[in-house]
Amino acid sequence: MTATALTRAALCRTALPRTAVLLRAAAMLAALAAALLALSAPASASSARIKDVVDVEGVRDNMLIGYGLVVGLNGTGDSLNNSPFTEQSLVGMLERMGVNTRGTNLRTKNVAAVMVTATLPPYSAQGTRIDATVSAMGDSKSLLGGTLLVTPLLGADGEVYAVAQGPIAVSGFSAQGQGASVTRGVPTSGRISSGAIVEREIQFSLAELPVLRLSLRNPDFTTAQRVATAINIQLRGNRAQATDPSSVLLSVPEARRGDIVGLITEIEQLRVTPDQVARVVVDEKSGVIVMGENVRISTVAIAQGNLTIRVTETPQVSQPGPFSQGETAVVPRTDIQVDDQSNNRLAVMNSGVTLQELVQSLNALGVGPRDMIAILQSIKAAGALQAEIEVI
């Protein structure tokens, strides 16, 4: 081999490592730039955490209810003549305390029969305190200043899960005199903050579940599939499967069987974009209309012809001339105005009209909420509204 060939071989041996280092550095810079871009890019405005989209099966609240007595009212309690259940409860309570009142005529107005409700959070330990809501059952005027006596709170199975007692905080009040009265808020309902003590725990072992069921709060096929896809990408395997529009089944990996809480925490922080059905919600009682983003209108012409007839009576007095034998008379004067809004009654909307364009067109007609409800129902009947109408 000549000297020139040896020199070229030596240059190649020194150039190859430099090229590999440069390529590796370029790849690292590209990865770093992509990571910085991902961190700096804002999250989609319509995306949400899985934590805000689904509920984990077994992690749920439980409703409790109980019947009790409130004492210490300043003459605003139940009238025992109109509330026999209050009198019977009062007599029974006094007998348990060793006081016999059978056959006597009780006339107290400082006692009220109430229903006590509370919500038992999931995994509440024995001895923890929860809030209780107290509501009057009889004709009590106000629960202000009252104290709830010991009241067992029952679950759906009839078992006692908590016991409530304590002074009631009432936000409303009522006052009256001989000629007027005033009421603010609801004085017959109050709340006892941390007034119930948990006596029984609901046994549910989350750590032993081999399969977790995630229930969608708003069932939808597309949202369920997106949740399952996001979980599979995070866990790097086919672990989640959407079985129906409201459920996603997650098989717990063997390595995570002892860390269910950590697994759920990791999944809850994933972000998905929920999908929704195009829906128009109408509340006819209050005239409220809520339309979703995906509501679309096909080509349609809307004519809204409000006919307003205004009749104004302006009677005039006719006086006779001086020294005449005439009489004073009232001459009727009637002014009739008809407004059919002929200059602003027709709007044409082309195919694919968005929600904003629909609202602008209806507002341009001077349409109020009540008329808008009738117009939307008419558009739906014509087959031009590509959405569901839900009347609540």
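Residues numbered from 1 in each chain as written. Predicted model: local features only at pLDDT ≥ 70, side-chain atom pairs only at ≥ 80, totals over all residues. Heavy atoms only, no water.

Per an unreviewed UniProt entry, the protein chain goes by the name Flagellar P-ring protein and belongs to Azospirillum aestuarii. Of the comments in the UniProt record for the protein chain, the one headed Subcellular location (unreviewed entry) reads "Bacterial flagellum basal body". Word for word, the UniProt comment on the protein chain under Subunit (unreviewed entry) is "The basal body constitutes a major portion of the flagellar organelle and consists of four rings (L,P,S, and M) mounted on a central rod." (UniProt positions renumbered as here; feature names shortened; annotations may be inferred.)

(A) Region of the structure containing the pattern of salt bridges. All chains considered together, the criterion is met by 11 salt bridges. Among the charged side chains, a salt-bridge network with shared partners connects Arg 256, Asp 259 and Glu 266. (Salt bridge = Lys/Arg side-chain N within 4 Å of Asp/Glu carboxyl O.)

(B) Highlighting the sheet that holds strand β25 (residues 388–391). One open sheet accounts for 3 strands, arranged β16-β15-β25; its pairing is mixed. The open sheet is flanked by β16 (288–291) and β25, the only strands paired with a single partner. Mean inter-strand twist for the sheet, computed between neighbouring axes without regard to direction, equals 15°. Inspection of the sheet shows strand β15 (residues 279–283) paired to β16 by 4 bridges, in the antiparallel sense. (Pairing = 2+ DSSP bridges. Helix = DSSP H or I, 4+ residues; strand = E, 2+ residues; numbered from the N terminus. Axes fitted to C-alpha atoms, helices over the stretch in contact; angles between N-to-C directions.)

(C) Molecular detail of a nonpolar patch on the surface. Together, Val 59, Tyr 123 and Phe 204 line one region of the surface with nonpolar side chains, adding up to about 250 Å² of accessible area. Structurally, the position occupied by Phe 204 is in the loop between β10 (189–198) and β11 (211–216). Residue class for Phe 204 comes out partly exposed when judged on its relative accessible area of 33%. (Patch = residues over 30% accessible without salt bridge, like charges linked within 9 Å, V, L, I, M, F, W, Y side chains within 5 Å. Areas by Shrake-Rupley, 256 points an atom, 1.4 Å probe, with all protein chains shown as cover. Buried < 20%, exposed > 50% of the residue type's maximum accessible area, 1.4 Å probe, protein only.)

(D) Inspection of the confidence of the model for the protein chain at higher detail. Looking at the protein chain, pLDDT values average 79 and 77% of them are 70 or higher. This model gives residues 1–16 a pLDDT under 50, and the stretch forms 1 contact once residues within four places in sequence are excluded. Counting contacts from residues 29–45, a segment whose pLDDT is below 50, to residues more than four positions away or on other chains yields 1 contact. (pLDDT = per-residue confidence, 0-100. Contact = heavy atoms within 4.5 Å.)

(E) Quick peek at the sheet that holds strand β3 (residues 62–71). Reading around the circumference, β3-β4-β5-β10-β7-β6 is the order of the 6 strands in this closed barrel, with antiparallel pairing throughout. In this sheet, adjacent strand axes meet at a mean angle of 30° when their direction is disregarded. Where strand β4 (residues 112–120) meets strand β5 (residues 129–136), 5 bridges bridge the pair, whose relative direction is antiparallel. By the bridge assignment, Thr 117 is partnered in β5 with Thr 133. Helix α2 (residues 84–96) contacts β3, β4 and β6 (147–154) of the sheet and is inclined by roughly 80° relative to β3.

(F) Molecular detail of the packing of aromatic side chains. Applying the stated criterion to the full structure yields 1 aromatic pair. Ring centres of Tyr 123 and Phe 204 lie 6.5 Å apart, and the angle between their planes is 55°; this geometry places the pair in the tilted category. Here Tyr 123, found in the loop between β4 and β5, pairs with Phe 204, found in the loop between β10 and β11; they are 81 residues apart in sequence, far enough to count as distant. (Phe/Tyr/Trp six-rings, centres within 6.5 Å; stacked < 30°, edge-to-face > 60°.)

(G) Just the pairing of strand β7 (residues 160–167), in detail. Pairing analysis gives 6 bridges linking β6 to β7, with the strands arranged antiparallel. Bridge assignment links Thr 147 to a residue of β7, and that residue is Pro 167. For β7 and β10, the ladder comprises 3 bridges, and the chain directions are antiparallel. For Ala 162, the partnering residue across the bridge sits in β10 and is Val 198.

(H) Just the nonpolar core, in detail. If you look at the biggest cluster of nonpolar residues, it comprises 25 residues, and the most contacted ones within it are Ile 50, Leu 212, Ile 231, Val 248 and Leu 250. In terms of residue count, the dominant contributor to this core is helix α3 (residues 221–235) (6 residues). Look past the residues within four positions of Val 248 in its chain and what remains in contact with it is Leu 212, Arg 213, Leu 214, Leu 216, Ala 224, Val 227, Ala 228, Ala 240, Gln 241 and Ala 242. Of all hydrophobic cores here, the second largest spans 22 residues; its members include Val 70, Ala 118, Ala 132 and Ala 162. (Core = buried A, V, L, I, M, F, W, Y, C linked by side-chain atoms within 4.5 Å.)

(I) Examining helix α6 (residues 369–381) more closely. Its 13 residues give α6 an end-to-end C-alpha distance of 18 Å, which sits within 8% of 18 Å, the value for a rise of 1.5 Å per residue. Regarding α6, the residues found buried are Met 372, Ile 373, Ile 375, Leu 376 and Ile 379. Projected onto a plane normal to the axis of α6, the buried residues spread over an arc of 165° and lie on a single side. Among the residues trailing α6, Gly 383 stands out with phi positive, at a value near 80°. (Expected span 1.5 Å × (residues − 1). Arc of directions from axis to C-beta.)

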